[in-house]
Amino acid sequence: QFELHPDIAKFLCFKGKDDEVYCLTRLPMGQRHAVSVAVNATRRLLNFQKSCAVDDCVDNTRFIGNTLEEVLNDAEQFVRRAWSVGATLNEVTNNDVPLRAQLKKLVHHEGDWLGARIDYRNKRVKLTEKCIDKLVFLRKHLLSAASLSARTLAAIFGILLFSSTIVDCNLPRRFVPLQFFR
């Protein structure tokens, strides 16, 4: 979450039912421009010499390294840079528990990343249960709906395209119109 400077917060105010004016102190992720702000802020925080490979998507970041020390060093530098600009991180806090101890608890050989369960040690990828549940829901919706909106179709094709890369099913090859969405 990104703290808003008071000069900016005054532009993100609303009037409540009690006619009081309230100003936001943090950037709400539901706003249209919030995603691009989060992406740019995350990329700036990652702008340092790293030992690890880094993946970032909006405000999600993961460090992939050959050694625990590499991962901890890069993650620690990222967290300290985030704290220096007032960013709030969900997984670690600036409290009495040493940062490195907090980060060690977050290091795993297997974990979820954007709908995929990744086993880094054995180099395997499969869909998460949440992603599978979405596919099942969309399938039921697709089969039961009399008509579908463009937004619903886009959601269905998006999750199908994403899933097809993980389960090794070349969906665009089997359904020609999807070739144009890659």
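Our structure's up above, just so we're on the same page.
Residues numbered from 1 in each chain as written. Predicted model: local features only at pLDDT ≥ 70, side-chain atom pairs only at ≥ 80, totals over all residues. Heavy atoms only, no water.

Provide a residue-level description of the pairing of strand β7 (residues 124-127), including the pertinent values.
With 4 bridges connecting them, strand β6 (residues 116-119) and β7 associate as antiparallel partners. Within β7, the residue paired with Ala116 across the bridge is Leu127. Hairpin connection of β6 to β7: 4 residues between the antiparallel strands, including Lys123 at a positive phi of 55 degrees. (Pairing = 2+ DSSP bridges. Helix = DSSP H or I, 4+ residues; strand = E, 2+ residues; numbered from the N terminus.)

Any details on the side chain of Thr128? Residues and values, ideally.
Structurally, Thr128 can be placed in the loop between β7 and α5 (129-144). Looking at Thr128, the relative accessible area reads 10%, which means it is buried. (Buried < 20%, exposed > 50% of the residue type's maximum accessible area, 1.4 Å probe, protein only.)

Which residues make up the pattern of salt bridges, and what values go with them?
For the coordinates displayed, the defined rule picks out 6 salt bridges. Among the ionic pairs, Arg62 bridges to Asp55, the shortest N-O distance being 2.5 Å. Among the residues examined, Arg62 registers a relative accessible area of 16% and is labelled buried. Assessed through its relative accessible area of 28%, Asp55 is described here as partly exposed. With its nearest N and O atoms 3.1 Å apart, the salt bridge here joins Arg80 to Glu76. (Salt bridge = Lys/Arg side-chain N within 4 Å of Asp/Glu carboxyl O.)

Tell me what's going on with the side chain of Asp74, and back it up with residues and numbers.
Tracing the chain through its elements places Asp74 in helix α3 (residues 68-84). Put simply, Asp74 is tucked away with no salt bridge, and the nearest opposite charge, on Lys50, sits 7.0 Å away. Each residue touching Asp74, except ones within four places of it in the same chain, is listed here: Phe48, Gln49, Lys50, Ser51, Cys52 and Phe63. (Lys, Arg positive; Asp, Glu negative; His and termini not counted. Contact = heavy atoms within 4.5 Å.)

Explain the sheet that holds β7 residue by residue, including any values.
In spatial order, the strands read β5-β6-β7; together these 3 strands make up an open sheet with antiparallel pairing. Each edge of the sheet is formed by a strand with only one pairing partner; in this case those strands are β5 (110-113) and β7. Strand-to-strand twist in this sheet, taken as the mean axis angle between neighbours without regard to direction, amounts to 25 degrees. Where β5 lies against β6, 4 bridges are found, and the strand directions are antiparallel. Bridged to Trp113 within β6 is Ala116. (Axes fitted to C-alpha atoms, helices over the stretch in contact; angles between N-to-C directions.)

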